[in-house]
Amino acid sequence: MLSVVIATHDSERALLPTLSALVAGAAAGMVREVIVADAGSADATATIADAAGCRLLSSTLPRGARLKAAAQSARAPWLMFLPPGTVPDATWVEESRRFIEQAELRGCASTYAAVFRPASAAFRPTLIEALSLLWASLGGGPSADRGLLIAKSLYDALGGHRDVAEPERDLAVRLGRRRLVLLRAGAVAAIAAK
């Protein structure tokens, strides 16, 4: 159902927890492939990606160009972009499946994308929910910094990631906050990527 794209650069420590979180999606038949768009890492990032069965695309291009190339090579009709070190919670598979099925049934796959809500063990989920709603009501809108779930057709229509300083943020801005749905599943940055 979906291709997961992870942009890396010397991300061996950050990549491990992210790939571990994707195992449930692969077992459920949700994850068709994982593409690691690497910037020529000098650490064991490529070895880890290979051992996990990921497809590795190595390039010296900027992150936006690597993400776009990986998305163009993806075989699934849905894309999930995750930063290395980001770990979706245990409900991500069912929540992603629900979002995709509803978007396809309603014919709005080319209209809406989804992002994970913030997750933290330090706060109760109701507090996180309240803070997310408050942020959205103040005009902040959902953030794609913890991952983005988007139909490949919508991604292509937007022109994909661009070669800018913050390609993920740029894509989210072009999507607009009204087209970003906040999933019930959360994600946390377990390890900060370099």
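The notes below deal with the structure included here.

A count of helical and extended segments in the chain gives 7 helices and 8 strands. Looking at the 194 residues of the chain, the share that counts as buried comes to 45%. Long-range contacts, defined as pairs at least 24 residues apart, comprise 78% of the intrachain contacts of the chain with a sequence gap of at least 6. Counting only carbon and sulfur atoms, one obtains 57% of the accessible surface of the chain, whose full area is about 9,500 Å².

This part takes up the side chain of serine 11. Residue position: serine 11 is located in the loop between β1 (2-8) and α1 (12-27). Here serine 11 is in contact with Ser41, Asp43, Thr45 and Pro84, once residues within four sequence places are set aside.

Listing the buried residues of helix α3 (residues 63-73) in full gives Gly64, Arg66, Leu67, Ala70 and Ala71. The buried residues of α3 all sit within an arc of 165° when viewed along its axis, so they share a single face. On the buried face of α3, the contacting elements are β1, β2 (31-38), β3 (55-58), β4 (78-81), α6 (152-158) and α7 (167-175).

Applying the stated criterion across every chain yields a total of 8 salt bridges. Measuring nitrogen to oxygen at the nearest pair gives 3.1 Å for the salt bridge that ties arginine 174 to aspartate 170. Of this pair, arginine 174 and aspartate 170 both sit in helix α7, 4 residues apart, which is roughly one turn of the helix. With relative accessibility at 16%, the residue aspartate 170 sits in the buried group. By sharing partners, the salt bridges in this structure join Glu33, Arg55 and Arg75 into a single network.

Calculation criteria
Residue positions within a chain follow its written sequence, with the count starting from 1. Confidence filtering applies because this is a predicted model: local features only for residues at pLDDT of at least 70, side-chain atom pairs given and counted only at 80 or more, and all residues used for totals across whole chains, interfaces and linings. In computing side-chain properties, one takes all heavy atoms of the structure into account and sets aside hydrogens as well as water. Segments assigned H or I by DSSP are reported as helices when at least four residues long, segments assigned E as strands when at least two residues long, and all are numbered from the N terminus. Think of it in three bands: with a 1.4 Å probe and only protein chains considered, a residue is buried below 20% of the maximum accessible area for its type, exposed above 50%, and partly exposed in between. It only takes one pair of heavy atoms within 4.5 Å for two residues to be counted as in contact. The protein chains shown are the only cover counted for residues, whose accessible areas, like all others here, come from Shrake-Rupley with a 1.4 Å probe. Note: the arc covers the axis-to-C-beta directions of the helix. Salt-bridge detection follows one rule: a side-chain nitrogen of Lys or Arg within 4 Å of a carboxyl oxygen of Asp or Glu.

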